[in-house]
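Geometric and topological summary
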Amino acid sequence: MIDLRSDTVTKPTKDMLHAMMQAPVGDDVFEEDPSVNAFQQKMAHMFGFQAALFMPSGVMGNQVALKLLTNPGDEVIIEKKGHVFNYETTSAALISSIQLHSVQGSNGKLNGDLIRSAVRSGQDWEPLSKVVVIENSTNKGGGACYSKDELSNIKETVDGLGLSLHLDGARIWNAIETTGIAADYFGSIADTMTISFSKGLGAPAGSMLLASKERINEGRRIRKMLGGGMRQIGLLAAAADYAVEHHRSFLKEDHHRARVLAETISGCERLSINLDTVETNILIFDVLEGSASEAVKLLKEKGVQVVPFGPKTLRATFHFQVDDEDLHYAQEVFIELFD
Ligand SMILES: Cc1ncc(COP(=O)(O)O)c(C=O)c1O
């Protein structure tokens, strides 16, 4: 079975497991895990932040960030396709008592004008606009990336309006691969940022919250409150560190394979895709006949798994455990079923 459902489906390699077994560990709730401490420092430095905090998941990282940046009753501006808006099971409302204000952008991306049009005027009867969340690369937005100009336009807007900026960088590694933006630039524009090791990099678990020292100290309390205090997780930090060191170089091939399949799909009579939207490892496309769930079923019967992303929309995602042979097979299946 060729699994293109998500880049989260990879299994740890033997070498990654070996690195995990070598890791010195301690109790991370006491801040005594040397592997976690070193890896947090390494990631903070890489992305230009003062400090970092290992998180069991990206959702927890995003939600701790929002709790740090808001008070109950505040509002957060986010693009309509944002993960925090669609796929975090209303946790912003439950955990932080805040409201999400979703705005229609393009391929999951916001810009200065959209932010300015969404910001509230400060009247007593309105929520208080506090934070802007952006995602880079976008997930539901089809893997689109922000250019440096787009990011600096957002930073300027957010600063001008007195808002904070949270960057959901679950796939920042893919965005960096595509745009060439230096990792430490993100620390100069975002107040808080989450990065993930369990997507295209292929670690079994783990994300990280990046922020100022003060926010990370407070974030540690919130993580504990949410049940995210963990013990000998140097094992996971070692897997994540291994992934950063050894799997980043695979992303370029993932992006290339995504583009090749996108081109095949664009040639299929019964499918539609906008090739301009394929910038990283994700492709989003539509069926012109029948439903997305019927197409998922047909593809699965032929040994190719993708996910439905709407009534007529599907998503395929590449990762390093899909090779060229798998890609060629998937191309043949798409042509056989949809051309
Ligand atoms: C953009 C984005 N943010 C956050 C997450 C959440 O990450 P996790 O599954 O580790 O909670 C995901 C998961 O796919 C994602 O795509």
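Residues numbered from 1 in each chain as written. Predicted model: local features only at pLDDT ≥ 70, side-chain atom pairs only at ≥ 80, totals over all residues. Heavy atoms only, no water.

Glancing now at the overall build of the protein. The helix and strand inventory of the protein stands at 14 helices and 13 strands. In terms of overall dimensions, the protein is globule-like: its C-alpha atoms have a radius of gyration of 20 Å, near the 20 Å expected for 339 residues. Restricting the contact set of the protein to residue pairs at least 6 apart, pairs at least 24 apart contribute 75%. Summing over all exposed atoms, the protein offers an accessible surface of approximately 14,500 Å²; the carbon and sulfur share of this is 49%. For the protein, the distance from the average position of its 33 positive side-chain charges to the average position of its 45 negative side-chain charges is 4 Å. (Helix = DSSP H or I, 4+ residues; strand = E, 2+ residues; numbered from the N terminus. Rg over C-alpha atoms; globule rule 2.2 N^0.38 Å. Contact = heavy atoms within 4.5 Å. Areas by Shrake-Rupley, 256 points an atom, 1.4 Å probe, with all protein chains shown as cover. Lys, Arg positive; Asp, Glu negative; His and termini not counted. Charge placed at Lys NZ, Arg CZ, Asp CG, Glu CD.)

On to the nonpolar core. Within soluble globular proteins, side chains that are nonpolar generally end up buried alongside one another. Ranked by size, the top nonpolar core spans 52 residues in total, and within it F47 and F197 carry the most contacts. The residues touching F47, leaving out its near neighbours within four places in the chain, are I172, W173, I176, A183, D184, F186, G187, M193, I195 and L210. (Core = buried A, V, L, I, M, F, W, Y, C linked by side-chain atoms within 4.5 Å. Buried < 20%, exposed > 50% of the residue type's maximum accessible area, 1.4 Å probe, protein only.)

Time to look at the confidence of the model for the protein. Averaged over the protein, the pLDDT score is 98; the fraction of residues at 70 or greater is 100%. For the protein, the element scoring lowest by mean pLDDT is strand β12 (residues 307–308), at 97; strand β8 (residues 207–211) scores highest, at 99. (pLDDT = per-residue confidence, 0-100.)

Its location among the elements puts D27 in the loop between α1 (14–22) and α2 (34–47). Here the side chain of D27 touches V29 through a polar contact of 2.9 Å, landing on its backbone nitrogen. (Polar contact = N/O pair within 3.5 Å; in protein donor to acceptor, adjacent residues only side chain to side chain.)

Within the secondary structure, Q41 sits in helix α2. Distance from Q41 to L210, taken between C-alpha atoms, is 9.9 Å for residues 169 residues apart in sequence.

On inspection of all chains with the given rule, the structure shows nine aromatic pairs. Look at F334 and F338: their rings are 5.9 Å apart centre to centre, the planes differ by 40 degrees, and that puts the pair in the tilted class. Of this pair, F334 and F338 are both found in helix α14 (residues 324–338), four residues apart, which corresponds to roughly one turn of the helix. In terms of burial, F334 and F338 fall into one category: buried. Here a set of aromatic residues connected by ring pairs shows up, and it is made of F39, F47, F54, W173 and F197. (Phe/Tyr/Trp six-rings, centres within 6.5 Å; stacked < 30°, edge-to-face > 60°.)

Another aspect to go through is the sheet that holds β12. Within a sheet, each strand pairs with its neighbour through backbone hydrogen bonds, oriented either parallel or antiparallel. The sheet built from four strands is open, its strands ordered β9-β10-β13-β12 with antiparallel pairing. Pairing within the sheet leaves two strands with one partner each, and these edge strands are β9 (271–272) and β12. As paired elements, β12 and strand β13 (residues 313–317) share two bridges and run antiparallel to each other. Note on β13: the bridge partner recorded for P308 is L314. Relative to the sheet, helix α12 (residues 251–266) contacts β9 and β10 (282–287), its axis offset from that of β10 by approximately 15 degrees. Each of β10, β12 and β13 is contacted by helix α13 (residues 292–301), which is oriented at about 40 degrees to β13, the strand it contacts most. (Pairing = 2+ DSSP bridges. Axes fitted to C-alpha atoms, helices over the stretch in contact; angles between N-to-C directions.)

With that out of the way, let us pick up the domain arrangement of the protein. Domain boundaries in the protein define domain 1 (14–246) and domain 2 (250–338). Taking only C-alpha atoms, the centre of domain 1 and the centre of domain 2 are 28 Å apart. Contacts between the two partners involve 19 residues from domain 1 and, on the opposite side, 13 residues from domain 2. When the area that domain 1 buries against domain 2 is broken down by residue, the three leading residues are G142, N174 and E177, summing to 31%. Our count for the domain 1 to domain 2 interface comes out at zero salt bridges. Counting across the domain 1 and domain 2 interface gives six residue pairs in polar contact (both at pLDDT 80 or more). Here the side of domain 1 that touches domain 2 gets four residues from one element, more than from any other, and that element is helix α8 (residues 172–179). (Domains from an automatic or database assignment. Buried area = accessible area lost by both parts, 1.4 Å probe. Salt bridge = Lys/Arg side-chain N within 4 Å of Asp/Glu carboxyl O.)

On inspection of all chains with the given rule, the structure shows 17 salt bridges. Across the salt bridge formed by R171 and D7, the nearest N and O atoms sit 2.8 Å from each other. Separated by 164 residues along the polypeptide, R171 in the loop between β6 (164–169) and α8 and D7 in the loop between β1 (2–3) and α1 bring together distant segments of the chain. Its relative accessible area of 0% is what places D7 among the buried residues. Across the salt bridge formed by E245 and K42, the nearest N and O atoms sit 2.7 Å from each other. Taken together, the residues E245 in helix α11 (residues 234–246) and K42 in helix α2 connect sequence positions 203 residues apart. In this structure E245 comes out as partly exposed when scored by relative accessible area, which is 48%. The partly exposed category is assigned to K42, whose relative accessible area is 28%. The network of salt bridges with shared partners includes K42, D241 and E245.

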